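The lines below spell out each chain.
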Number of protein chains: 2
Amino acid sequence: MIQKLIQEIQKKNAPVVVGLDPTMQFIPAHLLEQAAGQARSLGFGSRKLEVAAEAVWLFNKGIVDAVCDLVPAVKPQVAMYEQFGIPGMIAYYKTVNYCREKGLIVIGDVKRGDIGSTSAAYALAHLGAVEIDGEKCPAFNEDFATVNPYLGTDGIKPFIDVCNKNDKGIFVLVKTSNPSSGEFQDVLTKDGRPVFELVGDKVREWGESSMDGRYSNVGAVVGATYPEQGRILRDRMPNTYILAPGYGAQGARGKDLSYFFNEDGLGAIVNSSRGIIAAYQKDPYRHFGEEGFAEAARAASIDMIEDLREAIAAR
Amino acid sequence: MIQKLIQEIQKKNAPVVVGLDPTMQFIPAHLLEQAAGQARSLGFGSRKLEVAAEAVWLFNKGIVDAVCDLVPAVKPQVAMYEQFGIPGMIAYYKTVNYCREKGLIVIGDVKRGDIGSTSAAYALAHLGAVEIDGEKCPAFNEDFATVNPYLGTDGIKPFIDVCNKNDKGIFVLVKTSNPSSGEFQDVLTKDGRPVFELVGDKVREWGESSMDGRYSNVGAVVGATYPEQGRILRDRMPNTYILAPGYGAQGARGKDLSYFFNEDGLGAIVNSSRGIIAAYQKDPYRHFGEEGFAEAARAASIDMIEDLREAIAAR
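Residues numbered from 1 in each chain as written. Chains lettered and ligands numbered in written order. Predicted model: local features only at pLDDT ≥ 70, side-chain atom pairs only at ≥ 80, totals over all residues.

Asker: Can you tell me about the relation of the copies chain B and chain A, naming the residues and giving the values?
Answerer: Note on the copies: chain B fits chain A at an RMSD of 0.0 Å, the axial shift is 0.0 Å, and the rotation between them is 180°. Expressed as a symmetry operation, the mapping of one chain copy onto the other fits a two-fold axis. When you check the interface residues of chain B against chain A, 100% turn up at the interface there too, and the contact is symmetric in its surfaces. (Least-squares fit on C-alpha atoms with pLDDT ≥ 70 in both. Contact = placed C-beta atoms within 7 Å.)

What follows is the structure in structure tokens.
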């Protein structure tokens, strides 16, 4: 699956992921009105949840239609859908399916991870298919999922098995983009190395069992907000693709990201969520207005792609 | 919320959680037949998913009816539902609601955790309510959720805020029950202490902002399979309630758990999943047969409660 992602990155010349992380604050009023007329009534929680979730879906569809020719991949953050309960999970399901129909690679930002038997269920939920009566029944069916390493190898291995069986991939959290990520991830171990390096070394090792060309289907999440650590990890994990969140709203820019890439210009894909999908609420894209939210997202994507092309060229 | 859990533990004299982690292998044939006749057709994935998820719900209902007078709490593992997609999440939703109606405390074993803004969405999804048009709309509405600490304080704080607002609680992963949990959790830091101790210290610190009587609403997950580490953590976190998975199918017994409890006989609640819900497939409960799966679960619960009472008495 990493080769398929690389092909799409190269085809579009854009190592960019659009994070589909909608919140109520981003949804234009006209979509809420439209959603009120068409949301299905299933009865699992408040009617307002159904309307909000339908509006989220309409919002996503608008964004996806506007950016799908520009970017190779999207990353829906499942938390933003879970908060709307069953209707929200339906919006997630519809978003994943729609993006795949549009030829986009879907990275489910689910950050799952548990003991072996439970991780196996998560892996089936997001990258495989549970077998019932001899029929393979996919559940959410993303192309990649993000995974939390805190439980060690037996929490990761079931994901890799499912990846190998279904040509899928994972990105394991190594050094996350948030301010407090250092609390445990940067703790120095007895031999003087930080925990995130140990995790990075394990990710490289796990990745060896799922190589797909030069790169592995087992990638790493490394926050774009930590360029120094990114540089260290890039060196330690030469065959690991890095998913770098934290661009835009969290503060990182292209220049921070030069060393996330390898000399082949590959090796990293950079995510922006709010900076793209809520661009219409911020300078310099305000003039698009609420009705033009999708066009604003397109303009912000073009600017981000340009910024990253320059960063790679300057490497 | 921790006081409410303690009251229920004391009322039933049973520091026991039944893990509702159904898999297809546990579901009796008669429930699948019954489910085939009554599953709703919503169209999000294969019809077989809908039937399987409905059977899961019937299975859970049977178990819950059989054990709800014996135990204070249940812990549905959301992965087991996610693998059945939208129908599975509906079964989860129905299970949580039904258990709460029955007076059981529901610990959502979701192991979520992300950067601040995303953790806030997870916290609303599981312990709070998203606000839409001035109406508070709960999504899954468990009483407790399990949380992963790898992202540090700003991944945890939003959960605590939601707990304080809605009288809910969390259990943070400290030392997990699985074989490879030591890979990162037992790594010795520069000052000679393992990572899980640092996490335990943070859990204690976080807990101070959500005290509810002697104990905090911020609890810890410590695997029953690691009695030595349990003893260390019990001492370091005197006011932290411990959720101990790993009893039964994963190998731990009451005698391993004495030191998870405080001198007040409180401080820990022990989970068994397969050992209870699939008891009918194992000695000494096989004679209940498939039709008697719920009675077998009841018998296994009684035996587990007895085993733990002895462990506390022997402390």
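Moving on from the model shown.
Asker: Explain the confidence of the model for chain A to me, using residue names and the numbers behind them.
Answerer: Close inspection of predicted coordinates is inappropriate in any region flagged by low pLDDT. Averaged over every residue, the pLDDT of chain A is 97; residues scoring 70 or more account for 100%. Scoring of the predicted complex yields 0.98 for pTM and 0.98 for ipTM. (pLDDT = per-residue confidence, 0-100.)

Asker: Explain unusual backbone geometry to me, using residue names and the numbers behind them.
Answerer: Cis geometry is found at the peptide bond from Asp283(A) to Pro284(A), where omega equals 0°. With respect to the helices, strands and loops of the structure, Pro284(A) is situated in the loop between helix H11 (274-277) and helix H12 (293-313). One non-glycine residue, Asn13(A), lies in the positive phi region at around 50°. Topologically, Asn13(A) is positioned in the loop between helix H1 (2-12) and strand S1 (16-20). For Asp133(B), which is not glycine, the phi dihedral falls at a positive 55°. Mapped onto the secondary structure, Asp133(B) falls in the loop between strand S4 (129-132) and strand S5 (135-138). (Helix = DSSP H or I, 4+ residues; strand = E, 2+ residues; numbered from the N terminus.)

Asker: Describe the packing of helix H6 (residues 116-127) of chain B against helix H7 (residues 153-166) of chain B, and please don't skip the residues or the numbers.
Answerer: All names here are of chain B. At a minimum axis separation of 8 Å, H6 and H7 run at an interaxial angle of 35°. Remark: the crossing between H6 and H7 carries right-handed chirality. Of H7, the residues touching H6 (which contributes Gly116, Ser119, Ala120, Ala123, Leu124 and Leu127) are Asp154, Gly155, Lys157, Pro158, Phe159, Val162, Cys163 and Asn166. Considered class by class, the residues forming the contact of H6 with H7 number eight nonpolar, four polar and two charged. (Axes fitted to C-alpha atoms, helices over the stretch in contact; angles between N-to-C directions. Left-handed = near helix turned anticlockwise from the far one by under 90°. Nonpolar A, V, L, I, M, F, W, Y, C, P; charged D, E, K, R; others polar.)

Asker: Can you break down the sheet that holds strand S11 (residues 242-244) of chain B residue by residue, with the values?
Answerer: Residues and elements named next belong to chain B. In spatial order, the strands read S1-S2-S3-S6-S7-S10-S11-S12; together these eight strands close into a barrel with parallel pairing. Recorded for the sheet is a direction-independent mean angle of 30° between the axes of neighbouring strands. Summarising the sheet, strand S6 (residues 144-147) and strand S7 (residues 169-175) pair through four bridges and their orientation is parallel. Its bridge partner being in S7, Phe144 is matched across the sheet by Gly169. With respect to the sheet, helix H12 (residues 293-313) is in contact with strand S1 (16-20) and strand S12 (268-272), its orientation differing from that of S1 by roughly 145°. (Pairing = 2+ DSSP bridges.)

Asker: How would you explain the interface of chain B and chain A if you had to name every residue and give the values?
Answerer: Where interface size is given, it is often the accessible area lost as the parts come together that is meant. Listed by partner, the interface residues are 62 residues for chain B and 62 residues for chain A. Along the lines of polarity and charge, the residues of the side of chain B that touches chain A split into 34 nonpolar, 19 polar and nine charged.

Asker: How would you summarise helix H9 (residues 195-207) of chain B if you had to cite specific residues and measurements?
Answerer: At 3.6 residues per turn, the α-helix brings residues three or four places apart onto the same side. Helix length check: H9(B), at 13 residues, gives a terminal C-alpha distance of 18 Å against a target of 18 Å (1.5 Å per residue), a fit within 8%. Among all positions of H9(B), only Val195(B), Phe196(B), Glu197(B), Val199(B), Gly200(B), Val203(B), Trp206(B) and Gly207(B) are buried. (Expected span 1.5 Å × (residues − 1). Buried ≥ 20, exposed ≤ 12 C-beta atoms within 10 Å, placed from the backbone.)

Asker: Could you give me a rundown of the environment of Gly200(B), with the residues and numbers involved?
Answerer: Residue and element names in this part refer to chain B. Here Gly200 is to be found in helix H9. Classification of Gly200 as buried rests on a count of 26 C-beta atoms within 10 Å. Taking the C-alpha atoms as reference, Gly200 lies 18 Å from Arg112; in sequence the two are 88 residues apart. Each residue touching Gly200, except ones within four places of it in the same chain, is listed here: Val174, Ala220, Leu233, Arg236 and Met237.

Asker: Give a description of helix H5 (residues 85-101) of chain A that names residues and reports values.
Answerer: Its 17 residues give H5(A) an end-to-end C-alpha distance of 24 Å, which sits within 8% of 24 Å, the value for a rise of 1.5 Å per residue. Within H5(A), 12 of the 17 residues are buried, which leaves it mostly tucked inside the rest of the structure. For H5(A), the complete set of buried residues consists of Gly85(A), Ile86(A), Pro87(A), Gly88(A), Met89(A), Ile90(A), Ala91(A), Tyr92(A), Tyr93(A), Thr95(A), Val96(A) and Cys99(A). Contacts made by the buried residues of H5(A) are with S1, helix H3 (47-67), strand S2 (73-76), helix H4 (79-82) and strand S3 (105-112) of chain A together with helix H5 (85-101) of chain B.

Asker: Now, about the packing of H3(A) against H5(A): what can you tell me, with residues and values included?
Answerer: All names here are of chain A. Two elements in contact, H3 and H5, have axes whose closest approach is 8 Å; the angle formed by their N-to-C orientations is 15°. The angle between H3 and H5 falls in the class roughly parallel. Relative to H5, the crossing made by H3 is right-handed. Along its contact with H3, which presents Leu49, Glu50, Ala53, Val56, Trp57, Asn60, Lys61 and Val64, the element H5 presents Gly85, Pro87, Gly88, Ile90, Ala91, Lys94, Thr95, Tyr98 and Cys99. Of the residues in the contact of H3 with H5, the class split is 10 nonpolar, four polar and three charged. (Parallel < 35°, antiparallel > 145°, perpendicular 65-115°, else oblique.)

Asker: Residues and numbers for the pairing of S1(B), please.
Answerer: Residue and element names in this part refer to chain B. Counting buried residues along S1, five of its five residues qualify, which places the element largely inside the surrounding structure. Of the two faces of S1, both are covered, the one formed by Val16, Val18 and Leu20 as well as the one formed by Val17 and Gly19. Sheet analysis places S1 next to S12, joined by three bridges and oriented parallel. When the sheet's bridge partners are listed, Val16 is paired in S12 with Val270.

Asker: Describe the sheet that holds strand S10 (residues 218-222) of chain A, with residues and values.
Answerer: All names here are of chain A. With respect to topology, eight strands assemble into a closed barrel ordered S1-S2-S3-S6-S7-S10-S11-S12, the strand pairing being parallel. Along the sheet, successive strands turn relative to each other by an average axial angle of 30°, direction set aside. Examined bridge by bridge, S10 and strand S11 (residues 242-244) share two bridges and lie parallel to one another. Bridge pairing in S11 places Ala220 opposite Ile242. Each of S1 and strand S12 (268-272) touches H12; the most contacted strand, S1, lies at about 145° to it.

Asker: Describe the nonpolar core, naming the residues involved and giving the relevant values.
Answerer: The biggest cluster of nonpolar side chains holds 236 residues, and the ones touching the most others in it are Val172(A), Ala297(A), Val172(B) and Ala297(B). Ignoring sequence-local partners within four residues, the contact set of Val172(B) consists of Val147(B), Pro149(B), Ile156(B), Val203(B), Val218(B), Ala220(B) and Val221(B). (Core = buried A, V, L, I, M, F, W, Y, C linked by C-beta atoms within 7 Å.)

Asker: Please set out the environment of Lys111(A) residue by residue, giving values where relevant.
Answerer: Here Lys111(A) shows up in strand S3. Remark: the alpha-carbon pair of Lys111(A) and Arg234(A), spanning 123 residues in sequence, is separated by 21 Å. Apart from residues lying up to four places away in sequence, Lys111(A) is in contact with Thr146(A), Asn148(A), Leu173(A), Gly113(B) and Asp114(B).

Asker: Quick rundown of the pairing of strand S2 (residues 73-76) of chain B? Include the residues and the values.
Answerer: All names here are of chain B. Burial along S2 is two-sided: the residues Ala73 and Lys75 and Val74 and Pro76 are all buried. Inspection of the sheet shows S1 paired to S2 by four bridges, in the parallel sense. In the strand pairing of S2, Gly19 is matched with Lys75. Across two bridges, the pairing between S2 and strand S3 (residues 105-112) is parallel. Opposite Ala73, over in S3, you have Ile105 as the bridge partner.

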